[in-house]
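Take a look at the letters that make up each chain.
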Amino acid sequence: MAKRIRLGLVGIGKIARDQHLPALAADDRFELAATASRSPHQVDGVPGHGSIEEMIAAGHDLDAVPLCTPPQGRHQLAAAAIEAGLHVMMEKPPAATLSEVEDLARRAEAKGVVLYTSWHSRAAAGVEPAREWLAGKQVTGLRITWKEDIRRWHPGQEWILGPGGFGVFDPGINALSIATHILPQELFVTEAALRTPENRHAPIAASLKLRTGGADGSFELDFLQTGPQTWDIEVDTDGGTLKLHEGGSKLALPGEEPRAAENREYPNLYAHFAELVAARRSDVDVRPLRLVADAMLVASHERAEAFTF
Ligand code: NAP
């Protein structure tokens with residue numbers, strides 16, 4: 001067997017524990033050699049450090065670092081890893097700004113290491129078949145609805161409503177990662193109405209108008225949805241309407257039984273990262289981040305009532 005890729009996992013929070021650690025435990029191409037996180041509680045049996053700098057200085061013969069910290073501050077972490085000659089996999093959104101990601105891509109290329117801006121929702125079961133079905137079709141309408149409960153999925157994550165935290169676009173960027181992947185033509189944001197709690201900096205709800213090809217679309221986002229959660233994309237075409245539900249995992253095509261499959265988003269991301277490392281090839285796609293930035297550029301702003309977790 002080829003040498004395992006020795007990882008230093010950075011940011012041991014919700015997503016690292018919910019998804020990265022189980023995916024890594026089931027993938028023998030990787031070995032978790034060390035962790036770095038601000039909090040002292042890290043991963044049993046794995047050497048833990050309080051910062052990426054400490055982890056790198058300690059050696060561990062690392063090959064790569066997945067970054068699972070919030071987007072604010074990622075640039076500095078990724079730059080330190082690249083400087084140390086390590087491959088980097090980034091949780092979505094890859095950084096706080098477009099300039100940061102573009103700078104990291106240049107640094108990775110100059111250093112000859114892999115940079116992977118991962119978009120986990122693109123690895124959901126229905127997404128690739130949706131892209132294949134839409135290829136060559138004329139899109140005539142698009143409706144995206146992304147509504148979830150911030151208190152359920154992001155308990156106590158103050159950073160998410162802070163400057164650079166993306167607010168409701170933290171989950172919403174997942175919809176854009178799918179849409180930019182499956183639509184046969186470029187996607188644009190033409191209008192955005194953002195609602196930001198009076199005690200916060202990032203929007204808690206948003207209503208966007210979109211355009212792709214000659215078609216208009218809508219994108220409704222809400223971080224305060226209790227009860228059933230909604231992560232739906234519907235695309236009208238000259239061949240009927242495609243429906244992707246549950247964040248891309250359930251696909252319904254005209255005239256066919258709906259398809260659902262086991263959620264393997266994170267195993268799929270790590271499989272792709274292993275291939276990128278083997279081929280020494282980067283995979284950097286900023287389109288979802290650019291659309292969020294565009295929404296901020298064209299936005300009108302409204303104050304919403306104060307929010308507490
Ligand atoms: P989280 O629970 O707040 O975890 C982030 C972790 O990063 C915390 O343990 C934090 O330490 C640590 N951290 C922050 N700055 C650090 C630094 N400079 N060096 C080392 N560690 C640092 O957030 P999360 O939900 O896991 O989200 C992290 C990223 O994953 C975000 O980009 C998010 O969009 C993405 N994501 C989240 C979900 C989800 O459902 N939550 C799903 C998919 C993707 P402290 O605890 O000490 O502050």
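Within each chain, residues carry numbers counting from 1 in the order of the written sequence. For a predicted model such as this one, the threshold for reporting local features is a pLDDT of at least 70, and the threshold for listing and counting side-chain atom pairs is 80 or more; totals across whole chains, interfaces and linings nevertheless cover every residue. Excluding hydrogens and water, the side-chain figures rest on all heavy atoms present in the structure.

Moving on: the domain arrangement of the protein. Under the domain assignment, the protein is made up of domain 1 (5–117) and domain 2 (121–260 + 293–304). Residue contacts are defined here by distance: any two heavy atoms, one from each residue, within 4.5 Å place the two residues in contact. Between domain 1 and domain 2, the contact holds nine residues from the first and 12 residues from the second. Approximately 780 Å² of surface area, both sides summed, lies buried where domain 1 meets domain 2, with 64% of it carried by carbon and sulfur atoms. Accessible surface is computed with a 1.4 Å probe, and the buried area is the amount of it that two parts give up when combined, taken over both parts together. When the area that domain 1 buries against domain 2 is broken down by residue, the three leading residues are Lys14, Gln72 and Lys92, summing to 56%. By definition, a salt bridge exists where a carboxyl oxygen of Asp or Glu is found within 4 Å of a side-chain nitrogen of Lys or Arg. Where domain 1 packs against domain 2, one counts one salt bridge. The salt bridge partner of Asp170 is Lys92, with a shortest N-O separation of 3.4 Å. Tallied by class, residues from the side of domain 1 that touches domain 2 come to six nonpolar, one polar and two charged. Throughout, the edges of the domains are those of an automatic or database domain assignment. Under the grouping applied here, Gly and all other residues not named as nonpolar or charged are polar, the nonpolar ones being Ala, Val, Leu, Ile, Met, Phe, Trp, Tyr, Cys and Pro and the charged ones Asp, Glu, Lys and Arg.

Here we take up the environment of Val292. Every helix listed is a DSSP run of H or I at least four residues long, and every strand listed is a run of E at least two residues long, numbered separately from the N terminus. Along the chain, Val292 turns up in helix H9 (residues 287–298). For Val292 and Gly59, which are 233 residues apart along the polypeptide, the C-alpha to C-alpha distance reads 37 Å. Excluding anything up to four places from it in sequence, Val292 contacts Phe166, Phe169, Ile173 and Leu176.

Our next topic: the nonpolar core. Most often, soluble globular proteins have nonpolar side chains that are buried together. Note on terminology: a nonpolar core comprises buried Ala, Val, Leu, Ile, Met, Phe, Trp, Tyr and Cys residues joined through side-chain atoms within 4.5 Å. Buried, partly exposed and exposed residues are distinguished by accessible area as a fraction of the type maximum, computed with a 1.4 Å probe on protein chains only: under 20%, between the cut-offs, and over 50%, respectively. Of all hydrophobic cores here, the largest spans 52 residues; its most connected members are Ile144, Phe169, Leu208, Phe219 and Leu242. Counting residues per element, this core draws most heavily on helix H7 (residues 169–182), which supplies seven residues. Not counting residues up to four positions away in its chain, the partners in contact with Phe219 are Ile144, Trp146, Gly172, Ala175, Leu176, Ala206, Ser207, Leu208 and Leu210. Tyr116, Ala123, Phe273 and Ala274 belong to the second largest nonpolar core, which has 24 residues in total.

A word on helix H3 (residues 74–83). For H3, the tally of buried residues reaches seven of 10 residues, placing the bulk of the element in the interior. Among all positions in H3, only Arg74, His75, Leu77, Ala78, Ala79, Ala81 and Ile82 are buried. For H3, the elements touching its buried residues are strand S1 (5–10), helix H2 (52–57), strand S4 (64–67), strand S5 (87–90) and helix H4 (98–111). Directly beyond the C-terminal end of H3, a positive phi value near 80° is found at Gly85.

Any two strands between which DSSP finds at least two bridges are classified as paired. On the basis of which strands lie adjacent, the open sheet formed by nine strands has the order S14-S13-S12-S11-S7-S10-S9-S8-S15 and mixed pairing. Edge positions in the open sheet fall to strand S14 (259–260) and strand S15 (299–304), since each of these has one partner strand only. Here eight bridges tie strand S9 (residues 205–212) to strand S10 (residues 215–222), and the two strands are oriented antiparallel to one another. Note that in S10 the partner of Arg211 across the bridge is Asp216. Orientation is described by lines fitted to C-alpha atoms, with helices fitted over the stretch in contact, and by angles between N-to-C directions that extend from 0 to 180 degrees. Along the sheet, helix H5 (residues 127–134) makes contact with strand S11 (230–237), strand S12 (240–245), strand S13 (250–252) and S14, crossing S12 at roughly 165°. H9 contacts strand S8 (187–197), S9 and S15 of the sheet and is inclined by roughly 65° relative to S8.

This next bit is on the side chain of Ser249. Within the element layout of this structure, Ser249 appears in the loop between S12 and S13. A relative accessible area of 16% means that Ser249 is categorised as buried. Here a polar contact is recorded for every N or O atom pair within 3.5 Å, except that within protein the pair must consist of a potential hydrogen donor and a potential acceptor, and residues adjacent in sequence are included only if both atoms are side-chain atoms. At 2.9 Å, the side chain of Ser249 and the backbone oxygen of Glu246 are in polar contact. Ser249 has contacts with Ala124, Ala125, Gly126, Arg259, Ala260 and Ala261, leaving out every residue within four places of it along the chain.

Below, the discussion takes up the site of the ligand. With respect to spatial proximity, 25 residues lie near the ligand, and among them Ile15, Arg38, Arg74, Gln157 and Asp170 are the closest. Take Arg38: an N or O atom from its side chain is 2.5 Å from an oxygen atom of the ligand. The contact in question runs from an oxygen atom of the ligand to an N or O atom on the side chain of Arg74, over 2.8 Å. Every accessible area reported is derived by Shrake-Rupley at a probe size of 1.4 Å, with residue values counting cover from the shown protein chains alone. Starting from 890 Å² of accessible surface for the ligand in isolation, the protein chains cover 81%. At the level of elements, helix H1 (14–25) and H3 are the ones that each hand at least two residues to the shell around the ligand. Within the shell around the ligand, the residues separate by chemical class into 11 nonpolar, eight polar and six charged. Residues lining the shell around the ligand come from more than one domain, with at least three contributed by each of domain 1 (5–117) and domain 2 (121–260 + 293–304). Proximity is defined per residue: any heavy atom of the residue falling within 4 Å of a molecule or strand makes that residue near it.

Let us look at the pattern of salt bridges. In this structure the tally under the stated criterion is 15 salt bridges. What emerges from the salt-bridge pattern is a single network uniting Arg122, Asp285 and Arg287.

This part covers the sheet that holds strand S2 (residues 30–36). Here we have six strands laid out as an open sheet, ordered S3-S2-S1-S4-S5-S6, and parallel in their pairing. The sheet is open, and its two edges are formed by strand S3 (48–49) and strand S6 (115–117), each paired on a single side. Across six bridges, S1 lies against S2 in parallel orientation. Note on S2: the bridge partner recorded for Val10 is Ala36. Along the sheet, H1 contacts S1, S2 and S5; its crossing angle with S1, the most-contacted strand, is approximately 175°. Against the sheet, H4 makes contact with S5 and S6, and its axis sits at roughly 150° relative to S6, the strand it touches most.

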